[in-house]
Amino acid sequence: MNGAVRVLIVDDDALVRAGLTMMLDGAHGIAVVGQAADGDEVPDAVAAHAPDVVLMDLRMPRLDGIAALSRLRRRPRPPEVIVLTTFDTDENVLRALRVGASGFLLKDSPPAQIVDAIRRVAAGDPILSPGITRRLMDRVATQAGAYERARTALATLSPRERDVVVGVAQGHTNAEIGTALHMSVATVKAHISHILTKLTLTNRTQIALLAHDADLV
């Protein structure tokens, strides 16, 4: 397990937890370190197992995934969270992204896609499926005042930082953004860190949402 991405699975369905555990434990560089059956078990599970990535169901009987995620993001140095969903409610997915999810996966996603998503999120990249993301972003952009609020927030950034925001919103990795903008990966990471601080955001997904609100992409 040395050097592996540590994963915590949170789902009230024991069969889902067992299936994901079996699949992920067979993937190179990934180790399932723990499970939780409800959102209210997440704090103790995170404290006990120190995961890098949490796979979190949205619908759970006692404390749902959005509430659990919101509480988790208030912890110092929280793990990245990928929401697991059947995508039957756009609003819930949007709420999850707003409170700090690093992305979302459909429960019927192919195993290779789930493995790739975990690796990408652990490396700091969002895992937003382009087709589904466009649908979500279109909904966000129609909300009253979203455009003006986003434009006002982005006006505080430098031109170079806005270029990085566009790259993030387009789903590019740090290396791809660096190549396009002729800067090193370290410089891209520094820009992203400054952007998060200036805009009081927690991750790249929220940067992408803001960019779409502002109609930059």
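Since we're looking at a predicted model, the values are computed, not measured.

### Notes on helix H1 (residues 14-25)
Here is step 1: The terminal C-alpha atoms of H1 lie 16 Å apart, and with 12 residues this matches the ideal 16 Å at 1.5 Å per residue to within 8%.
Here is step 2: Where H1 is concerned, the buried positions are Arg-17, Leu-20, Thr-21 and Leu-24. Considered in projection along H1, the buried side chains sweep an arc of 100° and stay on one side of the axis. Exposed and facing more than 90 degrees away from the buried side of H1 are Leu-15 and Met-22.
Here is step 3: Where H1 is buried, its residues touch strand E1 (5-10), strand E2 (30-36), strand E3 (53-57), strand E4 (80-85) and helix H5 (111-122).
Here is step 4: For H1, the N-terminal cap is Asp-13; the gap from its side-chain oxygen to the backbone nitrogen of Leu-15 is 2.8 Å.

### Observations regarding the layout of surface pockets
Here is step 1: As a volume, the largest pocket reaches approximately 550 Å³.
Here is step 2: In this structure, the largest pocket is lined by 23 residues; those nearest its centre are Glu-80, Val-121, Gly-124, Thr-202 and Asn-203.
Here is step 3: For the lining of the largest pocket, the secondary-structure elements that each account for two or more residues are H5, helix H10 (185-199) and helix H11 (204-213).
Here is step 4: The biggest single contributor to the lining of the largest pocket is H10, with four residues.
Here is step 5: Its residues assigned to classes, the lining of the largest pocket comprises nine nonpolar, seven polar and seven charged.

### Overview of the nonpolar core
Here is step 1: With 24 residues, the main nonpolar core has Val-10, Val-42, Val-54, Met-56 and Ala-96 as its most contacted residues.
Here is step 2: Elements that contribute at least two residues to this core include exactly E1, helix H2 (42-49), E3, helix H3 (65-73), E4 and helix H4 (90-98).
Here is step 3: Grouped together as the second largest cluster of nonpolar side chains are 20 residues, Ala-150, Val-168, Leu-196 and Ile-207 included.

### Considerations on the pattern of salt bridges
Here is step 1: Under the criterion given, the structure shown has six salt bridges.
Here is step 2: In this structure, Lys-107 and Asp-11 form a salt bridge, with 3.0 Å as the shortest nitrogen-oxygen distance. One end of the pair, Lys-107, is in the loop between strand E5 (103-106) and H5; the other, Asp-11, is in the loop between E1 and H1, with 96 residues separating them in the sequence.
Here is step 3: Its relative accessible area of 0% is what places Asp-11 among the buried residues.
Here is step 4: Between Arg-160 and Asp-163 there is a salt bridge, with the nearest N and O atoms lying 3.7 Å from each other. A residue pair is termed a helical-turn pair when its members lie 3 or 4 positions apart in one helix, as Arg-160 and Asp-163 do in helix H8 (residues 159-169) at three residues.
Here is step 5: Salt bridges here are not isolated pairs; linked through shared partners, they connect Asp-11, Asp-57 and Lys-107.

### Regarding unusual backbone geometry
Trans is the prevailing form of peptide bonds, just as negative phi is the prevailing case for residues other than glycine.
Here is step 1: Positive phi, close to 60°, is recorded for His-182, a residue that is not glycine.
Here is step 2: You can call His-182 exposed: its relative accessible area is 74%.
Here is step 3: If you check the backbone angles, Thr-200 has positive phi at about 55° while not being a glycine.
Here is step 4: Relative to the helices and strands, Thr-200 resides in the loop between H10 and H11.

About the cut-offs
For every chain, the first residue of the written sequence is number 1, and numbering continues from 1 onward in sequence order. Only residues with pLDDT of at least 70 are given local features in this predicted model, and only at 80 or more are side-chain atom pairs given and counted; all residues enter the totals for whole chains, interfaces and linings. Based on all heavy atoms of the structure, the side-chain values leave hydrogens and waters out of the count. Numbering goes from the N terminus for both helices and strands, where a helix is a DSSP run of H or I of at least four residues and a strand is a run of E of at least two. Expected span of a helix, by definition, is 1.5 Å for each gap between consecutive residues, and there is one gap fewer than residues. Throughout, exposure labels follow a simple rule: accessible area from a 1.4 Å probe, protein chains only, divided by the maximum for the residue type, with under 20% read as buried, over 50% as exposed, and the rest as partly exposed. The arc under discussion is defined with respect to the helix axis, by the directions toward the C-beta atoms. When checking whether two residues touch, look at their non-hydrogen atoms; a contact exists if any pair is within 4.5 Å. Any pair of nitrogen or oxygen atoms within 3.5 Å is treated as a polar contact; in protein, a donor-acceptor pairing is required on top of that, and neighbouring residues in sequence qualify only through side-chain atoms on both sides. The method works on a 1 Å grid over the protein atoms by themselves. A cavity is a set of points holding a 1.4 Å probe that cannot get out, a pocket is an open set with protein on both sides within 12 Å along at least five of seven lines, and residues with an atom within 4 Å of a point line them. Grid points are joined across faces, edges and corners, and a volume is the space filled by probe spheres set on the points. Ten residues, namely Ala, Val, Leu, Ile, Met, Phe, Trp, Tyr, Cys and Pro, are considered nonpolar, four, namely Asp, Glu, Lys and Arg, are considered charged, and the remaining ones, Gly among them, are considered polar. We call a set of buried residues a nonpolar core when its members are Ala, Val, Leu, Ile, Met, Phe, Trp, Tyr or Cys and they connect through side-chain atoms within 4.5 Å of each other. Each reported salt bridge corresponds to a side-chain nitrogen of Lys or Arg within 4 Å of a carboxyl oxygen of Asp or Glu.

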